[in-house]
Amino acid sequence: MSITKQCSHDIMTFILFAVLLQGHHSSPTQERRSSSRSSSITPSHTHPFMASLPSPLPQALSSSLTSSLTASLIAPGRTRQGLREAAMQYCLRVIDQCERKPVRSVDEDLVTACLYESISTLDILCMLSRSLTHGVLPKMRKLYSRFVQDPVSNCRLLLALVKFFIVHGESEMYDSETPTNTFFGQVISAKFNDPGLAYDTVEFLVDNMELLLNTTIFSKYFPSILKILAWSPITFISEFLQLLPGFISKSAA
């Protein structure tokens, strides 16, 4: 079970690495910029979810996965856009497979991990190539209809979807208000004391603050977001200082 769970994460990580590498290998200048960006966004502390992952895959198995993925994704003559489309199709197939009910209850964590990695990878792929959004959005909407049946149990997946809808929904004329209200209105109120969800939520708000200032999230859901700070003031005090300008409004005063 632990090897399979790490396998899902390693595969998604490799696909994303391959796509980014294909998109930034054209010149030494771009490589230096990419290296600079990577060093500047290195997290200062480990995510609770990542800390719970098991040890890395055995070298033989990891090498086998890398070789097979390299052969299928980075084939000779494959264009940058073609590589991204292949990665997108792979993620969509993973999501389709996750619709099957796990045979064992212990496999539910594996399904959640695969779905989370797939949604996150698709989010980045759509950032790299906006033309992919049209083919991905229907699948995201279908996932939301599924997760909203039990929003508290699917809280991390709902947050990943909310991020996708806010970042990419406008280009496809999709209103993200409903999923946003589900997460910040229902889920945060019930799960504000969950360390992993709190970390994900604060990270989402900080990373997307400029975009979120054009929404009603900070003003409308100020009480729910404040619960996270009230529960873990020392952990998130620096992040909330960064978010303070978003809370300063007539409706939040």
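It should be noted that the structure appears before, not after, this text.
Residues numbered from 1 in each chain as written. Predicted model: local features only at pLDDT ≥ 70, side-chain atom pairs only at ≥ 80, totals over all residues. Heavy atoms only, no water.

*Asks:* Hey, could you go over the nonpolar core for me, with residue numbers and the actual values?
*Replies:* Among the nonpolar cores identified, the biggest contains 56 residues, and L122, M140, F183, F184 and L205 are the most heavily contacted of them. With 10 residues, the top contributor of residues to this core is helix α8 (residues 155–168). When sequence neighbours within four positions are dropped, the list of residues in contact with L205 reads F184, L212, I217, F218, I225 and L243. (Core = buried A, V, L, I, M, F, W, Y, C linked by side-chain atoms within 4.5 Å. Buried < 20%, exposed > 50% of the residue type's maximum accessible area, 1.4 Å probe, protein only. Helix = DSSP H or I, 4+ residues; strand = E, 2+ residues; numbered from the N terminus. Contact = heavy atoms within 4.5 Å.)

*Asks:* Outline helix α10 (residues 195–207), supporting the account with residue identities and numerical values.
*Replies:* Here α10 spans 18 Å end to end across 13 residues, near enough to the 18 Å set by a 1.5 Å rise per residue. For α10, every residue scored as buried is listed here: G196, L197, A198, Y199, D200, T201, V202, F204 and L205. (Expected span 1.5 Å × (residues − 1).)

*Asks:* Could you give me a rundown of the packing of aromatic side chains, with the residues and numbers involved?
*Replies:* Scanning the entire structure with this criterion turns up 9 aromatic pairs. A centroid spacing of 6.4 Å and a plane angle of 85 degrees characterise the contact between Y144 and F165, whose relative ring orientation is edge-to-face. Taken together, the residues span a long stretch of sequence, with Y144 in helix α7 (residues 133–147) and F165 in helix α8 at a distance of 21 residues. As far as burial versus exposure is concerned, Y144 and F165 are alike and both buried. For the pair F164 and F165, a centre-to-centre distance of 6.3 Å together with 80 degrees between the ring planes defines the contact as edge-to-face. Here the aromatic cluster, defined as three or more aromatic residues joined through ring pairs, consists of F183, F184, F204 and Y221. Here R156 stacks its cationic end above the ring of Y116, 3.9 Å away from the centre of that ring. (Phe/Tyr/Trp six-rings, centres within 6.5 Å; stacked < 30°, edge-to-face > 60°. Lys NZ or Arg CZ within 6 Å of the ring centre and 35° of its normal.)

*Asks:* Describe the state of the cysteines, naming the residues involved and giving the relevant values.
*Replies:* Across all of its chains, the model carries 0 disulfides by this definition. With no disulfide of its own, C114 lies 4.8 Å from the sulfur of C98, the closest cysteine sulfur. C114 sits in the buried class, given a relative accessible area of 14%. Of all cysteine sulfurs, the one in C91 lies closest to C126, which takes part in no disulfide; the gap is 9.8 Å. (Disulfide = S-S within 2.5 Å.)

*Asks:* How would you explain a nonpolar patch on the surface if you had to name every residue and give the values?
*Replies:* Taken together, the side chains of I237, L241, L244 and I248 make up a nonpolar region of the molecular surface, amounting to roughly 410 Å² of accessible area. Mapped onto the fold, L244 is located in helix α14 (residues 233–247). (Patch = residues over 30% accessible without salt bridge, like charges linked within 9 Å, V, L, I, M, F, W, Y side chains within 5 Å. Areas by Shrake-Rupley, 256 points an atom, 1.4 Å probe, with all protein chains shown as cover. Salt bridge = Lys/Arg side-chain N within 4 Å of Asp/Glu carboxyl O.)

*Asks:* Summarise the pattern of salt bridges; cite the residues concerned and give the values.
*Replies:* On inspection of all chains with the given rule, the structure shows 7 salt bridges. For K142, the salt bridge identified is with E99, shortest N-O distance 3.4 Å. Of this pair, K142 sits in helix α7 while E99 sits in the loop between α5 (80–97) and α6 (108–128), placing them 43 residues apart in sequence. Overall, K142 belongs to the partly exposed group, its relative accessible area being 48%. The class for E99 is partly exposed, based on a relative accessible area of 37%. In this structure, the salt-bridge partner of K220 is E177, at a minimum N-O distance of 2.9 Å. Here the residue K220 occupies a position in helix α12 (residues 217–220), and E177 occupies one in helix α9 (residues 177–191), the gap between them amounting to 43 residues. Owing to a relative accessible area of 45%, K220 belongs among the partly exposed residues under this scheme.

*Asks:* Residue-level account of the packing of α8 against α9, with values.
*Replies:* Their axes nearest at 10 Å, the elements α8 and α9 cross at an angle of 150 degrees. As far as their axial angle goes, α9 and α8 are roughly antiparallel. Of the two elements, α8 crosses α9, and the hand of that crossing is left-handed. When α8 is examined against α9, the residues C155, L158, L159, V162, F165 and I166 are found in contact with a partner set consisting of P179, T180, T182, F183, F184, V187 and K191. In terms of residue class, the contact of α8 with α9 is built from 10 nonpolar, 2 polar and 1 charged. (Axes fitted to C-alpha atoms, helices over the stretch in contact; angles between N-to-C directions. Parallel < 35°, antiparallel > 145°, perpendicular 65-115°, else oblique. Left-handed = near helix turned anticlockwise from the far one by under 90°. Nonpolar A, V, L, I, M, F, W, Y, C, P; charged D, E, K, R; others polar.)

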